[in-house]
Amino acid sequence: MHKEIVDFIQDIYGAKDFLPLHEPRFIGNEKKYINEAIDSTFVSSVGKYVTQFEEMMAKFVGSKYAIATSNGTSALHIGLKLVGVDENSEVITQPLTFIATANAITYCNAKPIFVDVDRDTLGLSASKLKSFLEENTFVNENGECINKASNKVIKACVPMHTFGHVCKIDEIVALCDEYNIAVVEDAAESLGSYYKGQHTGTFGKVGIFSFNGNKVITTGGGGMIVTDDEALAKRAKHITTTAKVPHPYEYIHDEVGYNYRLTNLAAALGVAQMESLELFVEKQRDLAFKYQTFFKDLDIEFIREPKDSTSNYWLNAVLLKDKESRDAFLKYTNDNGVMTRSIWRLMNKLEMFKDAQCGDLSNAEWLEDRVVNISSSVVL
Ligand SMILES: Cc1ncc(COP(=O)(O)O)c(C=O)c1O
């Protein structure tokens, strides 16, 4: 069966010695726009492409504002700061996520709390969140959500749309509203994914995206903060650009800011990639349906988009019977030139987060042993 799978994947991509998990595709104006940026000499923070990229992203996802950053991790860090996460705060997130989600919480000197995911969405579970909040928290007279165990304020919640599959974001936002918890949506992997017709990243107070080389579109390295809140958008731009107060010739900074801006060169790449985004998502969905049909006949479940959502199928994933079958699958495919990867080790099992408070994590643990990502580069 393993050989059949490797043959199928190699057929899709045209057999090569080595097939990476997710390669970028540059089929449009990438070189033209980058050359224009070089010719203009505006290669760093100033230049037309940063603004153009921000405008294109805001329009595409349907948010009022978009602020480009150096990467998705810095976007998350700032997103959390925007909603007031600090050293006295705690932040709920899922244990099954890329490390950046938990790292960004730690950059704010806040503590993460890990709440389980759903097996069908792979993202934060609304029902587990509800029981966690009911059992472990109360809302005090100032309207703050207090964690009974630590007596600290739970300021934010970071749901993540795993591999582009959308979690039950409307239920999560409604619950967080009830407890006065700000939602910072980690939509790093879900550009081009929708829940009931609304783009991911636009449900929470703030949403973030990543344009790392392995994402649906790339700027080499880059990120974006999206929000409908004008004050937050202005603050995001200010603190990601060293908190410099506009002045014709003096350097005045009114707080400790960050050099988290996206360069004009990277944004030039981003603008060109945005022009291909719809095509890429369409092709990703075609590929996913091919996989779905193929795996139907095998004893391996292909992970499909959850109910009520349209996934960008950024990273295709299958579910093996158990850890032993998963390991055999990983070994065979990687030994035979087809890169596959297990899902992330749970955050609470990593040294830095081993003392973090956790809810019941049975779904995350179950998925951790079984999920494998398979080749997902856009097939043109
Ligand atoms: C879920 C998630 N959050 C955050 C990030 C961070 O993005 P970046 O690598 O651009 O810093 C990534 C991916 O890279 C991610 O997958």
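Above: the structure in question.
Rules and cut-offs
- Residues numbered from 1 in each chain as written.
- Predicted model: local features only at pLDDT ≥ 70, side-chain atom pairs only at ≥ 80, totals over all residues.
- Heavy atoms only, no water.
- Helix = DSSP H or I, 4+ residues; strand = E, 2+ residues; numbered from the N terminus.
- Buried < 20%, exposed > 50% of the residue type's maximum accessible area, 1.4 Å probe, protein only.
- Near = heavy atom within 4 Å.
- Polar contact = N/O pair within 3.5 Å; in protein donor to acceptor, adjacent residues only side chain to side chain.
- Lys, Arg positive; Asp, Glu negative; His and termini not counted.
- Salt bridge = Lys/Arg side-chain N within 4 Å of Asp/Glu carboxyl O.
- Pairing = 2+ DSSP bridges.
- Contact = heavy atoms within 4.5 Å.
- Axes fitted to C-alpha atoms, helices over the stretch in contact; angles between N-to-C directions.
- Arc of directions from axis to C-beta.
- Parallel < 35°, antiparallel > 145°, perpendicular 65-115°, else oblique.
- Left-handed = near helix turned anticlockwise from the far one by under 90°.
- Nonpolar A, V, L, I, M, F, W, Y, C, P; charged D, E, K, R; others polar.
- Patch = residues over 30% accessible without salt bridge, like charges linked within 9 Å, V, L, I, M, F, W, Y side chains within 5 Å.
- Areas by Shrake-Rupley, 256 points an atom, 1.4 Å probe, with all protein chains shown as cover.
- Right-handed = clockwise from strand over helix to strand, strands pointing away.

Q: I'm lost on unusual backbone geometry in this one. Help?
A: What you tend to see is this: most non-glycine residues have negative phi, and most peptide bonds are trans. Of note in the backbone geometry, Asn-151 takes a positive phi value of approximately 65° without being a glycine. Looking at the element boundaries, Asn-151 is found in the loop between β5 (145-147) and β6 (153-158). Asn-151 gets classed as exposed once you look at its relative accessible area, which sits at 58%.

Q: Which parts of the structure should I look at to understand the site of the ligand?
A: For the ligand, the set of nearby residues contains 14 residues, the closest of which are Gly-72, Thr-73, Asp-186, Glu-189 and Ser-210. Within the side chain of Asp-186, an N or O atom sits 2.8 Å from a nitrogen atom of the ligand. Ser-210 places a side-chain nitrogen or oxygen 2.7 Å from an oxygen atom of the ligand. When contributions to the shell around the ligand are tallied by element, the ones reaching two or more residues are α4 (72-82) and α5 (99-107).

Q: Looking at this structure, I do not really get the side chain of Lys-215. What am I missing?
A: Mapped onto the fold, Lys-215 is located in the loop between β10 (206-210) and β11 (223-227). One buried charged side chain, Lys-215, makes no salt bridge at all; its nearest oppositely charged neighbour is Glu-189, positioned 5.1 Å away.

Q: Help me out: how do you make sense of the sheet that holds strand β15 (residues 341-342) in this one?
A: Sheet strands associate in pairs through backbone hydrogen bonding, adopting either a parallel or an antiparallel arrangement. Reading across from one edge, β12-β14-β17-β15 is the order of the four strands in this open sheet, with antiparallel pairing throughout. Where the open sheet ends on each side, the last strands, each with one partner, are β12 (301-302) and β15. As judged from the two bridges shared by β15 and strand β17 (residues 371-374), these two strands associate in the antiparallel manner. Paired with Arg-341 across the bridge in β17 is Asn-373. Seen against the sheet, helix α10 (residues 323-335) touches β14 (316-319), β15 and β17 and runs at an angle of roughly 20° to β17.

Q: Got a minute to help me understand the sheet that holds strand β9 (residues 198-199) in this structure?
A: Ordered in space as β9-β8-β13, the three strands form an open sheet in which the pairing is antiparallel. If you trace the sheet from one side to the other, it starts and ends with β9 and β13 (309-310), each paired once. Inspection of the sheet shows strand β8 (residues 194-195) paired to β9 by two bridges, in the antiparallel sense. When the bridges of β9 are listed, Tyr-195 appears paired with Gln-198.

Q: Hey, could you run me through helix α2 (residues 30-40) in this one?
A: Structurally, the α-helix is built with 3.6 residues per turn, so residues lying three or four positions apart point the same way. Looking only at α2, the buried set comprises Glu-30, Tyr-33 and Ala-37. Considered in projection along α2, the buried side chains sweep an arc of 80° and stay on one side of the axis. Residues of α2 that are exposed and point more than 90 degrees away from the buried face comprise Lys-31 and Asp-39. Those residues of α2 that are buried are in contact with α3 (48-61) and α9 (264-296). Of the residues trailing α2, Thr-41 is marked for its positive phi of about 70°.

Q: Help me out: how do you make sense of the side chain of Ser-89 in this one?
A: You can see Ser-89 is positioned in strand β2 (residues 89-93). Classification of Ser-89 by relative accessible area gives buried; the value is 1%. At 2.8 Å, the side chain of Ser-89 and the side chain of Asp-86 are in polar contact.

Q: Is there a simple way to think about the pairing of β11 in this case?
A: With five of five residues buried, β11 is to be regarded as a mostly interior element. Covered by surrounding structure in β11 are Gly-223, Ile-225 and Thr-227 together with Met-224 and Val-226, the residues of both alternating faces. Sheet analysis places strand β1 (residues 65-69) next to β11, joined by five bridges and oriented antiparallel. Of the residues in β11, the one forming a bridge with Thr-69 is Gly-223.

Q: Is there a simple way to think about the packing of helix α1 (residues 2-13) against α10 in this case?
A: Helix-helix packing is described using two parameters, namely the angle between the two axes and the distance between the axes. Close contact between α1 and α10 brings their axes to 10 Å; oriented N to C, the two are set at 50°. By the angle class used here, α1 and α10 are oblique. Remark: the crossing between α1 and α10 carries right-handed chirality. Note on element contacts: α10 touches α1 through Ala-328, Phe-329, Tyr-332 and Thr-333, opposite His-2, Lys-3, Ile-5 and Val-6. By residue class, the composition of the contact of α1 with α10 is five nonpolar, two polar and one charged.

Q: So what exactly am I meant to see when it comes to a nonpolar patch on the surface here?
A: Nonpolar side chains collect at one region of the surface, where Ile-27, Leu-279 and Leu-380 lie side by side and expose about 260 Å² of accessible area between them. With respect to the helices, strands and loops of the structure, Ile-27 is situated in the loop between α1 and α2. Judged by its relative accessible area of 44%, Ile-27 is partly exposed.

Q: Sorry if this is basic, but what is going on with the pairing of strand β7 (residues 182-186) here?
A: Both faces of the sheet carry side chains from a regular strand, because those side chains alternate between them. For β7, the tally of buried residues reaches five of five residues, placing the bulk of the element in the interior. The two faces of β7 match: Ala-182, Val-184 and Asp-186 on one face and Val-183 and Glu-185 on the other face are all buried. Crossover connection from β6 via helix α7 (residues 169-178) to parallel β7: handedness right-handed. As defined by bridge partners, β7 adjoins β10 across three bridges and the pair is classed as parallel. Looking at β10, one finds that Val-184 is bridged to Val-206.

Function cannot be read off these values alone, since they describe shape.
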